[in-house]
Amino acid sequence: MNLLTEEQSMMVEAARRFVREQIIEPRLDMALDRSGEFPHAIIEAMWEQGLLNGEFPSEAGGAGLSCYDHTLIIEELNYGCLGIATSAIANSLAALPLMLADNPRLSQEYLGRLTAKHGYAAYACSEPDAGSDVAGMSTRFVRKGDKYVINGRKRWITNADVADWYTVFAREQGTSGHKGIAIFVVEAGTPGLRHESMIHKLGQRASHTGDVVFEDVEVPATQLLAGPEHGFKLAMATFDRSRPWIAAGAAGVIRRARDEALRYATERRAFGEPIINHQMVAAMLADMEISYLASRLLCLNAASEVDRGNLRGSHSACAKAFGGDAAMKCTTDAVQIFGGYGYTQDFVVEKLMRDAKLLQIYEGTSQIQRLVISRDMVRSLNS
Ligand SMILES: Cc1cc2nc3c(=O)[nH]c(=O)nc-3n(C[C@H](O)[C@H](O)[C@H](O)COP(=O)(O)OP(=O)(O)OC[C@H]3O[C@@H](n4cnc5c(N)ncnc54)[C@H](O)[C@@H]3O)c2cc1C
């Protein structure tokens, strides 16, 4: 089944060429995994090629791509390296609440900055004691004249150390639960705001993750993106929109694992023949192919539901949960197909496996996706 128009195929081909020439052939995926260096040059080149900020509206200088088209690009970037892609896509995650909130002034200014010039933004929601439980956040704000004052600590923030601005979730002092959470756009360099403790990770080491700390950070009232009655809902709506991107990442890494393992299995010989002739190896490869097709279809289904304005989050959750779990299995099987060599840093498959693990954790763990899906099933039963 051809799921792409001619124009989409050309877009995919351009992204694929970029990834091959700028990431895979120079082996920057493996080099940056080892060094943990932030991929500034590659991301700048992506920006120049129009591979970033895909869904930004044209009023903000963006390409105004559909979610469907954007996921096609994201799959390609993740084929190259999940860590580099996460660094690149963090901008879009930070931008989503601005695209969803009804605040054209902030949206045009901050999205416009990312389209006019290569730069970075970060989405600051999770905290040391509140990840899955977004409503459990404790970062708080109080109003003081024409300003808000924010105090607290955000953790696991992708691009914490490079962001020019942050999309920050905080609760009104004295509130609890999902009520009282507001969203601010906060400039890097605001007095009292600092990033610290870069986190050394299992995988996706080309992306930088850290804490963002707020100590009496004064933010002009005009930087309030969404008031306390809207913040939590907007956080959930953001995830419904961004989870197809993670699903696209899963499809990308599954395809990479499949390609690496297939090539190896035709070259490596055991018991006098290429290992692909051994049926248990062939079965693992066949399962990878099934997983790739299924994860891609679920991803494109979720993206087209987003484009149709269907706000049932379970499409995105199904795609993310299936993709994340399938990516973990396929990359682990790729290591298995490489045997002992798969367990070394001489081949990329061990990196794929370490990188893939995060797909089951960020933007809602695999368990949380299943909660979203099952709750939606119950809702539709009762409606
Ligand atoms: C590398 C990395 C980058 C990240 N980037 C960002 C970012 O840019 N911005 C941001 O805001 N956050 C980011 N995150 C945070 C990420 O979204 C959270 O780590 C994730 O949501 C899980 O939260 P937690 O780590 O607090 O785990 P917890 O919520 O403590 O969960 C621990 C375990 O308990 C399970 N669990 C929790 N509640 C339930 C439940 N009700 N039912 C069943 N199981 C449950 C979870 O599935 C998990 O297995 C990032 C995380 C990582 C690791």
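Residues numbered from 1 in each chain as written. Predicted model: local features only at pLDDT ≥ 70, side-chain atom pairs only at ≥ 80, totals over all residues.

Q: What exactly am I supposed to notice about the domain arrangement of the chain here?
A: Note: interface size is frequently given as the accessible area lost on complex formation between the parts. Here the domain parsing of the chain yields domain 1 (6-119), domain 2 (122-231) and domain 3 (239-382). Computed from C-alpha atoms alone, the centre-to-centre distance between domain 1 and domain 3 is 21 Å. Contacts between domain 1 and domain 3 engage 18 residues on the former and 21 residues on the latter. Looking at the side of domain 1 that touches domain 3, the elements that each hand over two or more residues are helix 2 (28-35), helix 4 (67-80) and helix 5 (82-100). Looking at which element gives the most residues to the side of domain 1 that touches domain 3, the answer is helix 4, with eight residues. Tallied by class, residues from the side of domain 1 that touches domain 3 come to ten nonpolar, four polar and four charged. (Domains from an automatic or database assignment. Contact = placed C-beta atoms within 7 Å. Helix = DSSP H or I, 4+ residues; strand = E, 2+ residues; numbered from the N terminus. Nonpolar A, V, L, I, M, F, W, Y, C, P; charged D, E, K, R; others polar.)

Q: Help me out: how do you make sense of the site of the ligand in this one?
A: Around the ligand sit 23 residues, and of these Cys 125, Ser 126, Gly 131, Ser 132 and Thr 365 come closest. Broken down by secondary-structure element, the contributors of at least two residues to the shell around the ligand are strand 1 (121-124), strand 3 (147-158) and helix 11 (366-382). Residue composition of the shell around the ligand, by class: eleven nonpolar, nine polar and three charged. Looking at the shell around the ligand, you find at least three residues from each of domain 2 (122-231) and domain 3 (239-382). (Near = placed C-beta within 6 Å.)

Q: It is not clear to me how unusual backbone geometry should be interpreted in this structure. Could you clarify?
A: With the exception of glycine, most residues fall at negative phi, and the peptide bonds are largely trans. Even without being glycine, Asn 159 reaches a positive phi, approximately 70°. Looking at the element boundaries, Asn 159 is found in the loop between strand 3 and strand 4 (165-172). In the Ramachandran plot, Phe 271 falls in the positive-phi region, its phi being about 55° despite a non-glycine side chain. Along the chain, the position of Phe 271 falls in the loop between strand 9 (269-270) and strand 10 (273-274). For Phe 271, a count of 7 C-beta atoms within 10 Å gives the class exposed. (Buried ≥ 20, exposed ≤ 12 C-beta atoms within 10 Å, placed from the backbone.)

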